[in-house]
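What follows is each chain in one-letter form.
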Amino acid sequence: MPRVLDPGIRARTWFAAAYVAIQASLVLTAASRPDGVFSFQMFNESSRMTIALGRRVRTAGGGTTLVSTDGAWEAMDASGAARRFRWSDRVRDPILSTLGRPVHASYGVAAQLFRLQKALDDVADHLQGDVETRALVADVRIWKNGRESYETRLESRARYP
Amino acid sequence: MTSLFRRWQTEEDDAYVVSLVRTISGVLLLLSGLRELGPLRSDAHFADVFHIPLLPEALVAGRAVFTVLTLAQLALAVLVVVGRWARPALLGTAIIGLYLLLCDRLAYHNNRYALLLFALLLAFTPCDRAFVVGRAATSAKARRGPLWAARLAQMQMGIIYVASGGSKLLDADWREGRVIGDRLVRATSMAIAKGVPAELMEVLAQPALASALAKLAILTELFLAAGLFLPRTRAFALWWGVMFHLTIEVTSQVELFTWLSLAIYALFAVPALRERAVVYDPDSRRGTFVARVVRRLDWLARFDIRADAGAAGGRAFVIVERDGTRAAGILGAARMARALPLLFPLFLPLRVLARAFSSRADDARTAAC
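Residues numbered from 1 in each chain as written. Chains lettered and ligands numbered in written order. Predicted model: local features only at pLDDT ≥ 70, side-chain atom pairs only at ≥ 80, totals over all residues.

**Student:** Any chance you could break down the overall build of chain A for me, citing the residues and the numbers?
**Tutor:** In terms of regular secondary structure, chain A is built from 2 helices and 7 strands. If you list the helices and strands of chain A from N to C, you get α-β-β-β-β-β-α-β-β. Taken against the 2.2 N^0.38 rule, which gives 15 Å for 161 residues, the C-alpha radius of gyration of chain A at 22 Å runs more than 25% over that of a compact globule. Its C-alpha atoms put chain A at 75 × 40 × 25 Å along the principal axes. Within chain A, residue pairs in contact and separated by at least 24 positions form 59% of the contacts whose partners lie at least 6 positions apart. (Helix = DSSP H or I, 4+ residues; strand = E, 2+ residues; numbered from the N terminus. Rg over C-alpha atoms; globule rule 2.2 N^0.38 Å. Contact = placed C-beta atoms within 7 Å.)

Below is the structure:
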């Protein structure tokens, strides 16, 4: 049996002290992590949300406009050929990949908005061949713990800024 | 306090119960590992699509490494179940699991994290002294070992309750019952559609009831965090905790957390075995039935089972406690249920029933006087 698993009295005391200190600090710093990982905040919310996805594209006048999408869209590549893109090609998470209908915001609204922002940035960074989309936009309708719903907008990092 | 600390540092006792907890944890690790096989069948590996690593991206497991580690976890879980190289296997599976959690926080779930923490702590217990496949049962002396890490696992359970109950207590929506209320309201239409009377669901969805349930849930978690550690409240805390976790199991999806919690509850049992006795009358059909039930269900080896009509004193069976006190009838059944995991939910109802009968008998005796 590896000796590390049978520490002496002094070592087991230090191990226990370090273990409890780490666990306590992870619990006490839960608020600093939007998704509260490692902090055992069970059933923290009953919130729901609906994600509506859109693309910010350039207009003829030089500005941009928002085009809604059901998660799949066609865009031109640099050679002018049409290519097809899908949100779910990169986003496999069951909550974030559900568009247009309410889903339970597991681990809370803050957790899901944090993840969604990361997902928008990630997908925007991986749209090789899409020269039209300037940014991805998510309009999120939120029902926090049964309250009246409200909407918030998240936008990916700009492409071709 | 100092003597308590010294006792924690040096305590050695029978590792039978902690070995049983190891076996159950091994099964849970195996089930958890089998779930991880799902992503292996997926066309896209998690690291090749959107994920949120807590580690630097360069350290995130690619498909090949992930496959090897997942299969290694399964193999280690088998070792944990059978008890061979169980402690290094527990340590290995905990390290691999924690590493994979750090690779993608989208895959994080409190119950999976808890399972890995308990695996880590069990690795430091003498949990390989019993329930080892292919090895004959060892003597009580050979099973003895230091239980400091088992106490740390108990403390981890307390930390979970404090963290969960404390975060709810600090959240106004939770305190006021909004979170539970919303869950109930949303469950209402589903329940009515399944045939539950609408009137009943209306009562359950009342804001006042939701508020009361929320406070009860918070108090329960905070009580368990302390009650499990105090000898006077431990039995009630364990019973209340079992009810609490079983309620969560039937109303929510918590993967393996219910069974993990109940397995860890076994660590709160006194390590020493067979300190209680069931004495039964071998000529009584009820007595032999009780003895058979206890033999089958005494998973924590609490009872010494003796056939002795004389010692049973004309009763079908008598439960003899650690301190020598004896109980028969409903009170005996309550004390039996208290020590048998499968019958444990009956312990408190039987105890209340026994008390009610006893006070009624006292009333009758007083009236006769």
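**Student:** Quick rundown of the overall build of chain B? Include the residues and the values.
**Tutor:** Secondary structure summary: chain B contains 17 helices and 6 strands in total. Seen along its three principal axes, the alpha-carbon backbone of chain B occupies a region of about 80 × 60 × 45 Å. Within chain B, contacts between residues at least 6 apart in sequence are counted, and of these 72% link residues at least 24 apart.

**Student:** Explain the confidence of the model for chain A to me, and be specific about the residues and the numbers.
**Tutor:** Note that predicted coordinates carrying low pLDDT should not be read in detail. Per-residue confidence for chain A gives a mean pLDDT of 95, with 99% of residues at or over 70. Within chain A, the lowest mean pLDDT, 94, falls on strand 2 (residues 64-69) of chain A, and the highest, 98, falls on strand 7 (residues 150-155) of chain A. (pLDDT = per-residue confidence, 0-100.)

**Student:** Can you tell me about the nonpolar core, naming the residues and giving the values?
**Tutor:** Core analysis: the largest hydrophobic core is formed by 84 residues, its most contacted members being Phe118, Ala119, Ala153 and Val278 of chain B. The element contributing the most residues to this core is helix 7 (residues 148-169) of chain B, with 11 residues. By size, the runner-up hydrophobic cluster in this structure holds 21 residues, among which are Val109, Leu120 and Ala124 of chain A together with Phe50 of chain B. (Core = buried A, V, L, I, M, F, W, Y, C linked by C-beta atoms within 7 Å. Buried ≥ 20, exposed ≤ 12 C-beta atoms within 10 Å, placed from the backbone.)

**Student:** Tell me about helix 4 (residues 86-103) of chain B, residues and numbers included.
**Tutor:** Residue and element names in this part refer to chain B. In a regular helix each residue adds 1.5 Å, so 18 residues correspond to 26 Å; helix 4 covers 26 Å between its end C-alpha atoms and thus fits that length. Where helix 4 is concerned, the buried positions are Ala86, Arg87, Ala89, Leu90, Gly92, Thr93, Ala94, Ile96, Gly97, Leu100 and Cys103. Against helix 2 (16-41), helix 3 (63-82) and helix 5 (110-122) lie the buried residues of helix 4. (Expected span 1.5 Å × (residues − 1).)

**Student:** Explain the domain arrangement of chain B to me, and be specific about the residues and the numbers.
**Tutor:** Residues and elements named next belong to chain B. Taken domain by domain, chain B holds domain 1 (11-145), domain 2 (163-268) and domain 3 (276-368). For domain 2 and domain 3, the distance between their C-alpha centres works out to 31 Å. Contact with domain 2, which involves 5 residues of that partner, is made by 6 residues of domain 3. Here the residues of the side of domain 2 that touches domain 3 are counted per class, giving 5 nonpolar, no polar and no charged. (Domains from an automatic or database assignment. Nonpolar A, V, L, I, M, F, W, Y, C, P; charged D, E, K, R; others polar.)

**Student:** So what's going on with the pairing of strand 2 of chain A? Which residues, and what values?
**Tutor:** All names here are of chain A. For strand 1 (residues 48-58) and strand 2, the ladder comprises 6 bridges, and the chain directions are antiparallel. Bridge pairing in strand 2 places Arg55 opposite Val67. Linking strand 1 to strand 2, which pair antiparallel, is a turn of 5 residues; within it Gly62 sits at a positive phi near 100°. (Pairing = 2+ DSSP bridges.)

**Student:** How would you summarise unusual backbone geometry if you had to cite specific residues and measurements?
**Tutor:** Of note in this structure, Phe43 of chain A is not a glycine but carries a positive phi near 45°. Its 20 C-beta neighbours within 10 Å are what place Phe43 of chain A among the buried residues.

**Student:** Give me the lowdown on the packing of helix 1 (residues 9-28) of chain A against helix 7 of chain B, citing residues and values where you can.
**Tutor:** For any two helices packed against each other, the geometry is given by the interaxial angle and the distance between the axes. Two elements in contact, helix 1 of chain A and helix 7 of chain B, have axes whose closest approach is 11 Å; the angle formed by their N-to-C orientations is 10°. Between helix 1 of chain A and helix 7 of chain B, the angle is such that the two are roughly parallel. Contact with helix 1 of chain A, carried on its side by Arg12, Ala16, Tyr19, Val20, Gln23 and Val27 of chain A, involves Trp148, Leu152, Met155, Gln156, Ile159 and Ala163 of chain B of helix 7 of chain B and no other residues of that element. Of the residues contributing to the contact of helix 1 of chain A with helix 7 of chain B, the split by class is 9 nonpolar, 2 polar and 1 charged. (Axes fitted to C-alpha atoms, helices over the stretch in contact; angles between N-to-C directions. Parallel < 35°, antiparallel > 145°, perpendicular 65-115°, else oblique.)

**Student:** Any chance you could break down the domain arrangement of chain A for me, citing the residues and the numbers?
**Tutor:** In terms of domains, chain A is made up of domain 1 (3-32) and domain 2 (48-155). Taking only C-alpha atoms, the centre of domain 1 of chain A and the centre of domain 2 of chain A are 41 Å apart.

**Student:** Report on the interface of chain B and chain A, specifying residues and quantitative values.
**Tutor:** Listed as interface residues are 32 residues of chain B and, on the opposing side, 33 residues of chain A. Of the residues forming the side of chain B that touches chain A, the biggest block, 9 residues, is contributed by helix 7 of chain B. When its residues are assigned to classes, the side of chain B that touches chain A shows 19 nonpolar, 7 polar and 6 charged.

**Student:** Any chance you could break down the sheet that holds strand 6 (residues 326-327) of chain B for me, citing the residues and the numbers?
**Tutor:** Hydrogen bonds between backbone groups are what pair the strands of a sheet, and the pairing can be parallel or antiparallel. All names here are of chain B. The mixed open sheet is built from 4 strands, whose spatial order is 4-3-5-6. Edge strands, defined here as strands with exactly one partner in the open sheet, are strand 4 (303-307) and strand 6. The sheet contact formed by strand 5 (residues 317-320) and strand 6 spans 2 bridges and is antiparallel. Bridge assignment links Ile319 to a residue of strand 6, and that residue is Ala327. Across the sheet, helix 14 (residues 285-297) is in contact with strand 3 (276-280), strand 4 and strand 5; its angle to strand 3 comes to roughly 150°.

**Student:** Describe in detail the environment of Trp240 of chain B, supporting the description with residues and values.
**Tutor:** All names here are of chain B. Looking at where Trp240 falls in the secondary structure, it is placed in helix 12 (residues 231-251). Judged by local crowding, Trp240 falls into the partly exposed class, with 17 C-beta atoms found within 10 Å. Separated by 181 residues in the primary sequence, Trp240 and Leu59 have C-alpha atoms spaced 43 Å apart.

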